[in-house]
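Residue-level structural notes
As a plain string of letters, each chain reads:
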Amino acid sequence: MVGTDIAAALRAVLPADCVLSREEDRRPYECDALTAFRALPAAVALPRSDEEVRRVLTTCSRLGVPLVARGSGTGLSGGSTPHAEGVLLSCARMNRVLEIDPLNRIARLEPGVPNLRISDAAAAHGLYYAPDPSSQVACSIGGNVAENSGGVHCLKYGLTVHNVLGVRGYTVDGERIELGGAGALDAAGLDLLALVIGSEGLLMIVTEVTVRLIPRPPCVQLVAASFASVHAAADAVAAIIAAGIIPAALEMMDRKATAAVEPFVHAGYDLEAAAILLVESDGTAEEVADQVKEIEGVLRGAGASALRISASESERQRLWSGRKNAFPAAGRLSPDYYCMDGTIPRKHVGRVLDAISEMESRYGLSSFNVFHAGDGNLHPVIMFDSNRPGEWERADRFGAEILELCIAVGGTITGEHGVGVEKLGGMCSQFSPAERAAFNAVKEAFDPAALLNPGKLIPTLVRCAEYGRMHVHGGALAHADLPRF
């Protein structure tokens, strides 16, 4: 079908202002935060209610039109890149906090509610929502569910999958589906809730999310530790975990990262250190005092050259501001950046960071590292200029090699950003044909016509064969189905 026909079909079931068909209106939806991959959708649907979502789905299913759901567009893997012959369904207008239940410590939300607004809505009850991605002021809870997002406090409090109790929504043909719920710690039958969280919109469209709220800790303190080498900082991370300490957060930034963010946030980072660790403790005042003392001892024993302990909430927030703003700060250094998302065993952090440094020289591109050190979730930020011929291609190969290395040391290609279109090649390397066939069987059970977010997450056999040839010969996988820049 042509775009005008699709738009007309949508207008038959939605209010006129809920359908965008003019090119200039569709253009803002052509990509998510991974701007290297773009496609202009045939039409954009902006439903305001659960029922309107159902109508969009049944219309697309009846016509055989692909559909891609989008939250706030902050994703970094191209998961909400539109289909050129399909509908982009934006959940931005479904942004109501439906319920805050302080007795049961839950919140019910529409998918377009920004992550940070959940905690703001629960603050009057002394509660908050723990997962806190760096983009939490903008990213939506529906997008968090799709990508199984994490955040700086995921070490102690878990990812989205550990904090979502239930979802409601629809299959591609408009069948109502409810997974999990707020009434019990577990639900009968198969754990389909965990299956859907992180499925990147391939299985169903979520229209309501129920999340767990937790009490805001009465005391929080942050320790910033300086190290003369990245290896020493990595060893300190392992030492903290080996000592049986589970901090609220355990993050690392290398020297290039602190140099990038310090002029932007004025956090007072040690710019002479090769790497710094941000280690946070929360709980009662007594618990925090004891744990901070324990953390200090481990860090000094691991060779920390300097320690700084937050003396106030404002100082703690200032120290976090650099970590939270690391990606925007990359814009001060380069016209474009490419943020990776591999996860590795903590014991290999130093080795992998050394290898990334060597790759910088080989690809002729600069990068810095800022990441969730406590669970080994790396976020190398590769800087390039898309206006210079060949630079994006080199950045693409650089990123692919980082992911291949993550797999080689026993890690995985994504910790929280998802696969989208970015990591399809990595899926070919990490999973066997039998495993990919199992993924496809799950997809087919939910969406037999493969209309939901087609071409994402699960690579085809042909694509894997192509990636294998490129990998063997040291070339770059060409994403021929999506235009770049």
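Quick look at the structure, then.

Rules used throughout
Residues numbered from 1 in each chain as written. Predicted model: local features only at pLDDT ≥ 70, side-chain atom pairs only at ≥ 80, totals over all residues. Heavy atoms only, no water. Pairing = 2+ DSSP bridges. Helix = DSSP H or I, 4+ residues; strand = E, 2+ residues; numbered from the N terminus. Axes fitted to C-alpha atoms, helices over the stretch in contact; angles between N-to-C directions. Phe/Tyr/Trp six-rings, centres within 6.5 Å; stacked < 30°, edge-to-face > 60°. Buried < 20%, exposed > 50% of the residue type's maximum accessible area, 1.4 Å probe, protein only. Disulfide = S-S within 2.5 Å. Core = buried A, V, L, I, M, F, W, Y, C linked by side-chain atoms within 4.5 Å.

Spatially, seven strands are ordered β15-β12-β14-β13-β17-β18-β16 in an open sheet, and the strand pairing comes out antiparallel. Each edge of the sheet is formed by a strand with only one pairing partner; in this case those strands are β15 (306–309) and β16 (336–339). Taken pair by pair, the neighbouring strands of this sheet meet at an average axis angle of 20 degrees, ignoring direction. Relative to strand β17 (residues 366–371), strand β13 (residues 249–254) runs antiparallel, the two sharing two bridges. Along β17, the bridge assignment pairs methionine 253 with valine 370.

The subject of this paragraph is the packing of aromatic side chains. For the structure on display, the rule yields six aromatic pairs. Measuring from centroid to centroid gives 5.5 Å for phenylalanine 384 and tryptophan 392, while their planes differ by 45 degrees, and the two rings are tilted. With respect to burial, phenylalanine 384 and tryptophan 392 carry one shared label: buried. In textbook terms, an aromatic cluster arises when at least three aromatic residues are bridged by ring pairs, as seen for Phe37, Tyr338, Phe384 and Trp392.

Here we come to the state of the cysteines. Scanning the model with the defined rule gives one disulfide in all. Residue pairing for cysteine 428: its cysteine sulfur links by disulfide to cysteine 464, the two sulfurs lying 2.2 Å apart. Taking the torsion about the S-S bond as the criterion, the cysteine 428 to cysteine 464 disulfide, at about -85 degrees, is left-handed. In this pair, cysteine 428 is assigned in helix α15 (residues 424–430) and cysteine 464 in helix α17 (residues 461–472), connecting sequence segments 36 residues apart. With no disulfide of its own, cysteine 91 lies 12 Å from the sulfur of cysteine 18, the closest cysteine sulfur. This cysteine, cysteine 339, is not joined by any disulfide, and cysteine 406 carries the nearest cysteine sulfur, 12 Å off.

The next thing to look at is the nonpolar core. In terms of nonpolar packing, the biggest core is built from 79 residues, with Ile118, Val164, Val211, Phe227, Met252, Leu277 and Leu299 touching the most fellow members. The biggest single contributor to this core is helix α8 (residues 230–242), with eight residues. Membership of the second largest hydrophobic core comes to 26 residues, among which are Ala249, Met253, Ala267 and Tyr269.

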